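# Analysis of the macromolecular model
Here is what each chain is made of, one letter per residue.
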Amino acid sequence: MEAKATLKYARISPRKVKIVLDLIRNKPAGEAMAILKNTPKAASPLLVKLLGSAVANAEHNFSMDTAKLFVSECYVCPGPTLKRMMPRAQGRGDRILKRTSHITLVVSEKQ
């Protein structure tokens, strides 16, 4: 049995999120939460909320024991990219890519 939480269209690059997700993969939920709260990365606050949501889903929807939960799966996929223009010298314009992410976090009970 597993519980899932997703965050879609997060305005952060998937590359930045992947670094933090690698820290919490296969860790107990309580330890993963502590790691996220003490990691000074832009993705950390988003993942704290997402992990809290996944744990709440497990407890409320599937009646799982929160003490036995661990992060069984976590991955990030690129969302749509917002294209913007930045003025440059001599009337030129450079394209700025504002990337978005779809983040998925799955928690399961240890046997």
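Below, the structure is looked at part by part. (Residues numbered from 1 in each chain as written. Predicted model: local features only at pLDDT ≥ 70, side-chain atom pairs only at ≥ 80, totals over all residues. Heavy atoms only, no water.)

This structure, assessed with the given rule, holds zero aromatic pairs. Lying across the ring of phenylalanine 70, lysine 110 places its NZ or CZ 4.2 Å from the centre. (Phe/Tyr/Trp six-rings, centres within 6.5 Å; stacked < 30°, edge-to-face > 60°. Lys NZ or Arg CZ within 6 Å of the ring centre and 35° of its normal.)

Next up on the list: the sheet that holds strand E5 (residues 101–109). Read from one edge of the open sheet, three strands run E1-E5-E2, paired in antiparallel fashion. At either margin of the open sheet sits one strand with a lone partner, and together these are strand E1 (2–10) and strand E2 (69–78). For this sheet, the mean angle separating the axes of adjacent strands, direction not counted, is 15°. Judged from the seven bridges that link them, E1 and E5 form a sheet pairing that is antiparallel. When the sheet's bridge partners are listed, glutamate 2 is paired in E5 with serine 108. Across the sheet, helix H3 (residues 44–62) lies against E1, E2 and E5, angled at about 145° from E1, the strand it touches most. (Pairing = 2+ DSSP bridges. Helix = DSSP H or I, 4+ residues; strand = E, 2+ residues; numbered from the N terminus. Axes fitted to C-alpha atoms, helices over the stretch in contact; angles between N-to-C directions. Contact = heavy atoms within 4.5 Å.)

Time to look at the nonpolar core. By size, the foremost hydrophobic cluster in this structure holds 28 residues, and its most contacted members are Val17, Leu21, Leu47, Leu51, Ile103, Leu105 and Val107. With seven residues, the single largest contributor to this core is H3. When residues no more than four places from it in sequence are discounted, the contact partners of valine 17 are Ile12, Ala43, Leu47, Val76, Ser101 and Ile103. (Core = buried A, V, L, I, M, F, W, Y, C linked by side-chain atoms within 4.5 Å. Buried < 20%, exposed > 50% of the residue type's maximum accessible area, 1.4 Å probe, protein only.)

Positive charge collects at one region of the surface, where Arg11, Lys16, Arg84 and Lys98 lie side by side. Locating arginine 11 in the fold gives a position in the loop between E1 and helix H1 (14–24). With a relative accessible area of 48%, arginine 11 lands in the partly exposed category. (Patch = residues over 30% accessible without salt bridge, like charges linked within 9 Å, V, L, I, M, F, W, Y side chains within 5 Å. Areas by Shrake-Rupley, 256 points an atom, 1.4 Å probe, with all protein chains shown as cover. Salt bridge = Lys/Arg side-chain N within 4 Å of Asp/Glu carboxyl O. Lys, Arg positive; Asp, Glu negative; His and termini not counted. Charge placed at Lys NZ, Arg CZ, Asp CG, Glu CD.)

Here threonine 39 lies in the loop between helix H2 (29–37) and H3. There is a polar contact of 2.5 Å between the side chain of threonine 39 and the backbone oxygen of isoleucine 35. Those residues within four positions of threonine 39 in sequence are excluded, and the remaining contacts are Leu23 and Ser44. (Polar contact = N/O pair within 3.5 Å; in protein donor to acceptor, adjacent residues only side chain to side chain.)

A separate point is unusual backbone geometry. Backbone geometry places asparagine 26, a non-glycine residue, at a positive phi of 65°. Within the secondary structure, asparagine 26 sits in the loop between H1 and H2. In the Ramachandran plot, serine 63 falls in the positive-phi region, its phi being about 50° despite a non-glycine side chain. Position of serine 63 relative to the elements: it lies in the loop between H3 and E2. Judged by relative accessible area, which is 64%, serine 63 ranks as exposed.

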